[in-house]
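Secondary and tertiary structure notes
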Amino acid sequence: MVKPAKGTTTLAFIFKEGVMVAADSRASMGGYISSQSVKKIIEINPYMLGTMAGGAADCQFWHRNLGIKCRLHELANKRRISVTGASKLLANILYSYRGMGLSVGTMIAGWDETGPGLYYVDSEGGRLKGTRFSVGSGSPYAYGVLDNGYRYDMSVEEAAELARRSIYHATFRDGASGGVASVYYVGPNGWKKLSGDDVGELHYKYYPVMPSTVEQEMVEVAGA
Amino acid sequence: MARYDRAITVFSPDGHLFQVEYALEAVRKGNAAVGVRGTDTIVLGVEKKSTAKLQDSRTVRKIVNLDDHIALACAGLKADARVLINRARIECQSHRLTVEDPVTVEYITRYIAGLQQKYTQSGGVRPFGLSTLIVGFDPYTGVPSLYQTDPSGTFSAWKANATGRNSNSMREFLEKNYKETSGQETVKLAIRALLEVVESGGKNIEIAVMTREHGLRQLDEAEIDAIVAEIEAEKAAAEAAKKAPPKDT
């Protein structure tokens, strides 16, 4: 079975202050860019985010479904579900649909009683706990920048800038990623959207156009 | 309606579920069981009918573990208890598997109560004939809890409660004498409540103590006898103090 390429770049990492989540916003159908403004960071609940890579419909539906399950858990147990629990619920659902063509490569990021949490969950049924993940066709490029610039003790601004730059560099080289680089921060009080910058504008911000020295112009030859 | 069906759990004309009420009767005939919640200790105690000489008493455990941090004691039909306990144990592990977290006491109580309720509203089955006392510590906050369920499937949290034979007298005693206790004081309170209805002595009482660090620990006969002796001494001293005229008027 052909594995559908997940044309996107998403990333998330844990650092001292919490979790940083970032993604591009391009949707592509083969060579056709169907949208430049897709929301790839899905708000499961006020303290948990999910990222979208793979089939847009699959990701949106199952994240929404996960949000419902998390809310039901809260109502039944009078306490919030942990990031561990939420990611496991999603992973078990995706595992039960294994082989039926779902395409989901998501990261569940959140803050619970035990602190910041980050899990990678995919439609093969895989689930990994980690501190740094990037998912999608642009992930190799994002990893290059992310892994190089990562430090655990970054401030929120530094981490946001690292996330933004990683997404930008991925959109620069990967044709299936582009649009707007959204950056979200998850802290003890929940998530907050920090920025959404058009990657075209980011390009000129990082690499401003330098006026180049003018080459020798033609000069009036005096006389003969 | 000249005659209505008492054989399975359906409503009577005046709104009773007779099978559930009969199940409660079975509970009332079961062993006395008491649970007391302290600030850092929870104690379960059950009446132990004298074991036959040839019986291996270790196989007749009335207070059981549902998980490392949750224990259960019950009054009523012991065979029904076995089935319910096995289902609860499986649920405790299943919960650990699906959310990577131990169950809270409230969760497993809700599960057991839900199971008991299901059997009051299903075809071809009868309700479980037992009430349970479930104790444990919350896996994260460490807060101790005591819950009780009954054959109808209702449950609620208690500071101290009793079920089974003579539970009313025990509950009255607890209502009069309950105060926030910890450690050994909690154990003594539970034993004192049981002694109201049970013959005195270590061989008629089974006590288990649960603490956050050590989990569930069954007290052996000698320990229970020692505490019973302490209680009797305290009682005697109190009696003597009452009888003697007050020193300072």
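Residues numbered from 1 in each chain as written. Chains lettered and ligands numbered in written order. Predicted model: local features only at pLDDT ≥ 70, side-chain atom pairs only at ≥ 80, totals over all residues. Heavy atoms only, no water.

If you look chain B up in an unreviewed UniProt entry, it shows as Proteasome subunit alpha type from Vitis rotundifolia. Among the UniProt annotations of chain B, the heading Function (unreviewed entry) holds the following wording: "The proteasome is a multicatalytic proteinase complex which is characterized by its ability to cleave peptides with Arg, Phe, Tyr, Leu, and Glu adjacent to the leaving group at neutral or slightly basic pH." Here is the UniProt Subunit (unreviewed entry) comment for chain B, exactly as written: "The 20S proteasome core is composed of 28 subunits that are arranged in four stacked rings, resulting in a barrel-shaped structure. The two end rings are each formed by seven alpha subunits, and the two central rings are each formed by seven beta subunits." (UniProt positions renumbered as here; feature names shortened; annotations may be inferred.)

Going by what an unreviewed UniProt entry lists, chain A is known as Proteasome subunit beta and is assigned to Vitis rotundifolia. Recorded in UniProt for chain A, the comment headed Catalytic activity (unreviewed entry) runs: "Cleavage of peptide bonds with very broad specificity."

**Brief notes about the pairing of strand S4 (residues 70-76) of chain B**
Residues and elements named next belong to chain B. Here S4 lies mainly inside the structure; seven of its seven residues are buried. Both faces of S4 are covered, namely the face carrying Ile70, Leu72, Cys74 and Gly76 and the face carrying Ala71, Ala73 and Ala75. The pairing of strand S3 (residues 63-67) with S4 spans four bridges and is antiparallel. The partner of Val64 across the bridge, within S4, is Leu72. Linking S3 to S4, which pair antiparallel, is a turn of two residues. Relative to strand S5 (residues 130-137), S4 is paired through seven bridges, and the arrangement is antiparallel. Each bridged residue has a counterpart across the sheet, and for Ala73 the counterpart in S5 is Leu133. (Buried < 20%, exposed > 50% of the residue type's maximum accessible area, 1.4 Å probe, protein only. Helix = DSSP H or I, 4+ residues; strand = E, 2+ residues; numbered from the N terminus. Pairing = 2+ DSSP bridges.)

**Some words on the UniProt feature "active site" (unreviewed entry) in chain A**
Residue and element names in this part refer to chain A. Sequence positions flagged by UniProt for "active site" (unreviewed entry) are, in local numbering, Thr8. With respect to the element layout, Thr8 can be found in the segment before strand S1 (10-15). Those residues in contact with Thr8 that lie beyond four places of it in its chain are Asp24, Lys40, Met52, Ala53, Val135, Gly136, Ser137, Gly138, Asp174, Ala176 and Ser177. There is a polar contact of 2.8 Å between the side chain of Thr8 and the side chain of Asp24. (Contact = heavy atoms within 4.5 Å. Polar contact = N/O pair within 3.5 Å; in protein donor to acceptor, adjacent residues only side chain to side chain.)

**Comments concerning the sheet that holds S3 of chain B**
Hydrogen bonding along the main chain pairs the strands of a sheet, whether they run parallel or antiparallel. Residues and elements named next belong to chain B. Read from one edge to the other, the open sheet built from five strands follows the order S3-S4-S5-S6-S7, with strand pairing classed as antiparallel. The open sheet has two free edges, formed respectively by S3 and strand S7 (155-157), since each of these has just one partner strand. Pairs of neighbouring strands in the sheet enclose a mean axial angle of 25°, with direction left out of account. With respect to the sheet, helix H2 (residues 78-99) is in contact with S3, S4 and S5, its orientation differing from that of S3 by roughly 25°. (Axes fitted to C-alpha atoms, helices over the stretch in contact; angles between N-to-C directions.)

**Points about the interface of chain A and chain B**
Across the contact, 14 residues belong to chain A and 11 residues belong to chain B. For the pair chain A and chain B, the summed buried surface comes to about 930 Å²; carbon and sulfur atoms form 42% of the total. It is Asn77, Arg79 and Lys88 of chain A that lose the most area in chain A upon contact with chain B, and together they represent 42% of the buried surface on that side. In this structure, the connection of chain A to chain B is made through three salt bridges. Of the charged contacts, one joins Glu100 of chain B and Arg127 of chain A as a salt bridge, the two residues approaching to 2.6 Å between their closest N and O atoms. At the surface where chain A touches chain B, the tally comes to six residue pairs in polar contact (both at pLDDT 80 or more). Sorting the residues of the side of chain A that touches chain B by element identifies helix H1 (56-77) and helix H2 (83-96) of chain A as the ones contributing at least two each. Ranked by residue count, the leading element in the side of chain A that touches chain B is H2 of chain A, at five residues. Grouping the amino acids of the side of chain A that touches chain B by side-chain chemistry returns three nonpolar, six polar and five charged. (Buried area = accessible area lost by both parts, 1.4 Å probe. Salt bridge = Lys/Arg side-chain N within 4 Å of Asp/Glu carboxyl O. Nonpolar A, V, L, I, M, F, W, Y, C, P; charged D, E, K, R; others polar.)

**As for the sheet that holds strand S12 (residues 190-198) of chain A**
Residues and elements named next belong to chain A. Reading across the sheet, the five strands line up as S10-S1-S2-S11-S12 and stay open at both edges, with antiparallel pairing between neighbours. Either end of the sheet is taken by a strand with one partner, and the two such strands are strand S10 (132-135) and S12. Averaged over all pairs of adjacent strands, the angle between strand axes in this sheet comes to 15°, irrespective of strand direction. Examined bridge by bridge, strand S11 (residues 180-187) and S12 share eight bridges and lie antiparallel to one another. In the strand pairing of S12, Ser182 is matched with Gly196. Helix H3 (residues 139-149) rests against S1 and S10 of the sheet, and its axis sits at about 155° to S10.

**Observations regarding the pairing of strand S6 (residues 144-149) of chain B**
Residue and element names in this part refer to chain B. Most of S6 is tucked away: six of the six residues are buried. Going residue by residue along S6, you find Pro144, Leu146 and Gln148 tucked away on one face and Ser145, Tyr147 and Thr149 tucked away on the opposite face as well. Bridge count for S5 against S6 is six bridges, and the pairing is antiparallel. Directly across from Val135, in S6, lies its bridge partner Leu146. Where S5 folds back on S6, the antiparallel hairpin that results is connected by six residues, among which Gly142 adopts a positive phi of roughly 75°. As paired elements, S6 and S7 share three bridges and run antiparallel to each other. Bridge assignment links Gln148 to a residue of S7, and that residue is Ser156. The turn linking S6 back onto S7 is made up of five residues, and Gly153 within it adopts a positive phi angle of 100°.

**Notes on the packing of aromatic side chains**
The geometry of an aromatic ring pair is captured by two quantities: the separation of the ring centres and the angle between the planes. Residues and elements named next belong to chain A. For the coordinates displayed, the defined rule picks out 13 aromatic pairs over all chains. Ring centres of Tyr168 and Tyr207 lie 6.3 Å apart, and the angle between their planes is 45°; this geometry places the pair in the tilted category. In this pair, Tyr168 sits in helix H4 (residues 156-173) while Tyr207 sits in the segment after helix H5 (199-206), placing the two residues 39 residues apart along the sequence. Exposure remark for Tyr207: the relative accessible area of 43% places this residue in the partly exposed category. Positioned above the aromatic ring of Tyr47, the side-chain terminus of Arg80 is 3.9 Å from the ring centre. The ring of Tyr150 is capped by Arg132, whose NZ or CZ atom sits 4.7 Å from the centre of that ring. (Phe/Tyr/Trp six-rings, centres within 6.5 Å; stacked < 30°, edge-to-face > 60°. Lys NZ or Arg CZ within 6 Å of the ring centre and 35° of its normal.)

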